[in-house]
Amino acid sequence: LDMNIERFGEYPFLFYGEKSYTNVETRRYANRLANGFKKAGIQAGDRILVIMPNAPEVLIAYQGITRADAIIVPVMFSLHPKEIAYIAKDCGAKLIITSKMLLEQIHQAIALLNVKPNIIMIDEITSSNTINFYEFMDSNVSLEEIHDERFDSNDIAVILYTSGTTGNPKGVMLTHMNLYSNAVNSAKHADVERGTTLGILPLAHVYGLTISNTCYIVGSSIVIFSRFNPAEVLAAIEEYKIKSFAGVPAMIHALVSYPDHHQYDTSSLESISSGSAPLPAALMTAFERIYGAKVYEGYGLSEAAPIVTAHKKSQPAKPGSVGIPIPGVQIKIVDKNTEELPVGEVGEVLVKGD
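About the criteria used
- Residues numbered from 1 in each chain as written.
- Predicted model: local features only at pLDDT ≥ 70, side-chain atom pairs only at ≥ 80, totals over all residues.
- Heavy atoms only, no water.
- Phe/Tyr/Trp six-rings, centres within 6.5 Å; stacked < 30°, edge-to-face > 60°.
- Lys NZ or Arg CZ within 6 Å of the ring centre and 35° of its normal.
- Axes fitted to C-alpha atoms, helices over the stretch in contact; angles between N-to-C directions.
- Helix = DSSP H or I, 4+ residues; strand = E, 2+ residues; numbered from the N terminus.
- Parallel < 35°, antiparallel > 145°, perpendicular 65-115°, else oblique.
- Left-handed = near helix turned anticlockwise from the far one by under 90°.
- Contact = heavy atoms within 4.5 Å.
- Pairing = 2+ DSSP bridges.
- Patch = residues over 30% accessible without salt bridge, like charges linked within 9 Å, V, L, I, M, F, W, Y side chains within 5 Å.
- Areas by Shrake-Rupley, 256 points an atom, 1.4 Å probe, with all protein chains shown as cover.
- Salt bridge = Lys/Arg side-chain N within 4 Å of Asp/Glu carboxyl O.
- Buried < 20%, exposed > 50% of the residue type's maximum accessible area, 1.4 Å probe, protein only.
- Polar contact = N/O pair within 3.5 Å; in protein donor to acceptor, adjacent residues only side chain to side chain.

A.B. asks: Whenever I open this one, the packing of aromatic side chains confuses me. Can you help?
C.D. replies: A ring pair, where both rings are aromatic, is described by two values, the distance of the centres and the angle of the planes. Tallying each qualifying case throughout the model produces nine aromatic pairs. Ring geometry for Tyr-11 versus Phe-13: centroids 6.3 Å apart, planes at 85°, classification edge-to-face. Within the aromatic cluster, the residues linked to one another by ring pairs are Phe-8, Tyr-11, Phe-13 and Tyr-216. Over the face of the ring belonging to Tyr-11 we find Arg-194, whose NZ or CZ atom lies 4.7 Å from the ring centre.

A.B. asks: What is the right way to look at the packing of helix α2 (residues 23-39) against helix α3 (residues 56-67) in this model?
C.D. replies: Helix packing geometry: the angle between the two helix axes and the distance between the axes. At a minimum axis distance of 7 Å, the contact between α2 and α3 shows a crossing angle of 50°. Between α2 and α3, the angle is such that the two are oblique. At the point where α2 passes α3, the crossing takes the right-handed sense. Across the interface between the two elements, Thr-26, Arg-27, Tyr-29, Ala-30, Asn-31, Leu-33, Ala-34, Phe-37 and Lys-38 from α2 touch Ile-60, Ala-61, Gln-63, Gly-64, Ile-65 and Arg-67 from α3.

A.B. asks: Just to check I follow, could you spell out the sheet that holds strand β2 (residues 19-22) for this structure?
C.D. replies: Backbone-to-backbone hydrogen bonds join strands into a sheet, with any given pair of strands oriented parallel or antiparallel. Across the sheet, which stays open at both edges, the four strands sit in the order β2-β1-β11-β10 with mixed pairing between neighbours. Whereas interior strands pair on both sides, the edge strands pair on one side only; in this sheet they are β2 and β10 (196-199). Mean inter-strand twist for the sheet, computed between neighbouring axes without regard to direction, equals 20°. One ladder, built from two bridges, connects strand β1 (residues 12-16) with strand β11 (residues 221-224); its direction is parallel. Bridging from a neighbouring strand, Phe-15 pairs with Val-223 of β11. Packed on one face of the sheet, helix α9 (residues 230-240) meets β1, β10 and β11 and runs near 165° to β10.

A.B. asks: Can you walk me through a nonpolar patch on the surface in this structure?
C.D. replies: Together, Tyr-299, Leu-301, Ile-331, Val-349 and Val-351 line one region of the surface with nonpolar side chains, adding up to about 340 Å² of accessible area. Summarising the element assignment, Val-349 is placed in strand β18 (residues 348-353). Residue Val-349 is classed as partly exposed on the basis of its relative accessible area of 36%.

A.B. asks: Looking at this model, I keep getting lost on the environment of Met-177. Mind explaining?
C.D. replies: You can see Met-177 is positioned in helix α7 (residues 176-190). On a C-alpha basis, the gap between Met-177 and Val-256 in space is 37 Å, while along the polypeptide they are 79 residues apart. Once residues lying within four places of it in the same chain are set aside, the contact partners of Met-177 are Ser-153, Asn-154 and Asp-354.

A.B. asks: I would appreciate a short explanation of the environment of Gly-36 in the present structure.
C.D. replies: Relative to the helices and strands, Gly-36 is located in helix α2. Owing to a relative accessible area of 5%, Gly-36 belongs among the buried residues under this scheme. Separated by 28 residues in the primary sequence, Gly-36 and Gly-64 have C-alpha atoms spaced 9.0 Å apart. In this view, Gly-36 contacts Phe-136 and Asp-138; residues no more than four positions away in its chain are not counted.

A.B. asks: Mind showing me how you'd approach the side chain of Asp-123 here?
C.D. replies: Mapped onto the elements of the fold, Asp-123 is located in the loop between β6 (118-121) and β7 (130-132). At 3.0 Å, the side chain of Asp-123 forms a polar contact with the backbone nitrogen of Lys-100. Those residues in contact with Asp-123 that lie beyond four places of it in its chain are Ser-99, Lys-100 and Asn-132.

A.B. asks: Could you clarify how one ought to interpret the pattern of salt bridges in this entry?
C.D. replies: A side chain with one charge can pair with a side chain of the opposite charge if their charged atoms come near. Counted under the stated rule, the structure contains seven salt bridges. Between Lys-100 and Glu-124 there is a salt bridge, with its nearest N and O atoms 2.7 Å apart. Placement of Lys-100 in the loop between β5 (93-98) and α5 (103-111) and of Glu-124 in the loop between β6 and β7 is noted, with a sequence separation of 24 residues between them. Looking at Lys-100, the relative accessible area reads 42%, which means it is partly exposed.

A.B. asks: Where do I start with the pairing of strand β15 (residues 307-310) in this structure?
C.D. replies: A regular strand carries its side chains on alternate faces of the sheet. Two elements, strand β14 (residues 294-300) and β15, share three bridges in a ladder whose sense is antiparallel. Opposite Gly-300, over in β15, you have Ile-307 as the bridge partner. Between β14 and the antiparallel strand that follows it, β15, lie six residues; Ala-305 among them carries a positive phi value of about 70°. With two bridges joining them, β15 and strand β16 (residues 324-325) adopt antiparallel strand pairing. Pairing of Thr-309 across the sheet is with Pro-325, part of β16.

What is shown is where atoms sit, not what they do.
Here's what the structure looks like:
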């Protein structure tokens, strides 16, 4: 964010309903939050859970946690209280930042824990053992920037928990360098232009997190949605003249199936990126026919911070393919003895990079 402000100056950065925040305002809140953490005794390396639908406060929290030398633990708000409790215990969470719609879930999760983290609410306080997000900030601080000599790009920035399909969720530890290099190289690979994009991916997921990091790097703005609604998304494309955004196949399907799409001017849209699940070729073709925008499919995983491959705009898109490795990433396909396989053979993907 500091680099973003230095390079692009102040500009409207986040749009959310009727509200908007500039990049400079975002940093001011983040610095006050970081000082609030420090006054509350948060130490370098402490883990802070952020669990709520998309909102500007999610990105403010991420910046504030980083600036306090703590570690962000993003959690999907749809999880069961037992799953939340497991993650909070496993990472040793000191604080939980959430919203009132999730308070009952959070209380149920905390009841299962021996060590009970404090709760910070981004909206009004509804119980005595919670703290308001904005009141928690240290408002006496006028610092525009926080510089900490301890900062190391190889420190852990984020712990992302896997979906736990084969057992308990596992905390994937990603460093500042992991996330930074991936955002820089994926933006370079995709030839991302400065503009306004849609924040429809969950910011608690590594894909949404990376898209937000890319926006800092290229100087873009984000229209944040707390839930996906085809009519609201199409209206935002028309209002903000959106050229590109990132989504998942289920969202692309919803836009293709939406009966009133012709009521919106989506002529600004040039391309969308798809990831996190396989995209059927027929769905790609249908979207391109209806909206006149290209679909670029990619592949990644949390452990790779996350983007591994993607299509390039300068090369023909190949339906059924997830593109080629982004800069700085190497791939090979190997057999069970880790011997590289020839083209056309099925094996295991090995990935290497920053």
